[in-house]
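# Summary of structural features
So you can see what is in the structure, the chains are spelled out below.
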Amino acid sequence: MLLRKIPAPAAALLVLAVAVQSPARAETTIICTKPGVPLCMSDTTTFVSADKMAACQFEVKEYVDKTMDYLRCLNEENTSTGQELTRNVERFNCRLSGRNCG
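Note that the coordinates shown come from a computational prediction; the quantities given were computed from them, not determined experimentally.

Below, the discussion takes up the confidence of the model for the protein chain. Put simply, the protein chain has an average pLDDT of 81, and 72% of its residues get 70 or more. For the stretch residues 9-24, pLDDT sits under 50, and the model shows 14 contacts to residues farther than four places along the chain or on other chains.

Below is the structure:
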């Protein structure tokens, strides 16, 4: 990211330019949904019955899979947001330099 030393009022505009983006140029939003912990883990009767333990084990496996998907989603969102930030700061700096940046 190429940020050069700019006067304080322009620096304030940089923050504003990055923080506020017009809806026409909005990026695709990634929505990551955090899975809930299986209720069977808090149920005192789960570990009394072999059938309930087996069912809970299946729910925990699903929870692990969904949580791994959630973590991947967060990573993609983080990467996408960083790229969007870089593009917007570069665009701002380009316009600040007086060039036609589109």
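Next comes the rest of the write-up.
It is worth spelling out the state of the cysteines at this point. On inspection of all chains with the given rule, the structure shows three disulfides. A sulfur-sulfur separation of 2.0 Å characterises the disulfide bridge that pairs Cys-40 with Cys-56. Linking Cys-40 and Cys-56, the disulfide has an S-S dihedral of approximately 75 degrees and is accordingly described as right-handed. Residue Cys-40 is located in the loop between helix 1 (8-19) and helix 2 (50-96), and its partner Cys-56 is located in helix 2; the two are separated by 16 residues in the primary sequence. On the basis of relative accessibility, which here comes to 9%, the residue Cys-40 falls in the buried class. Here Cys-94 engages in a disulfide with Cys-101; their sulfurs sit 1.7 Å apart. On the sign convention where negative means left-handed, the S-S torsion of about -90 degrees between Cys-94 and Cys-101 marks this disulfide as left-handed. Judged by relative accessible area, Cys-101 falls into the partly exposed class, the value being 24%.

Conventions and cut-offs
Residues numbered from 1 in each chain as written. Predicted model: local features only at pLDDT ≥ 70, side-chain atom pairs only at ≥ 80, totals over all residues. Heavy atoms only, no water. pLDDT = per-residue confidence, 0-100. Contact = heavy atoms within 4.5 Å. Disulfide = S-S within 2.5 Å. Helix = DSSP H or I, 4+ residues; strand = E, 2+ residues; numbered from the N terminus. Buried < 20%, exposed > 50% of the residue type's maximum accessible area, 1.4 Å probe, protein only.

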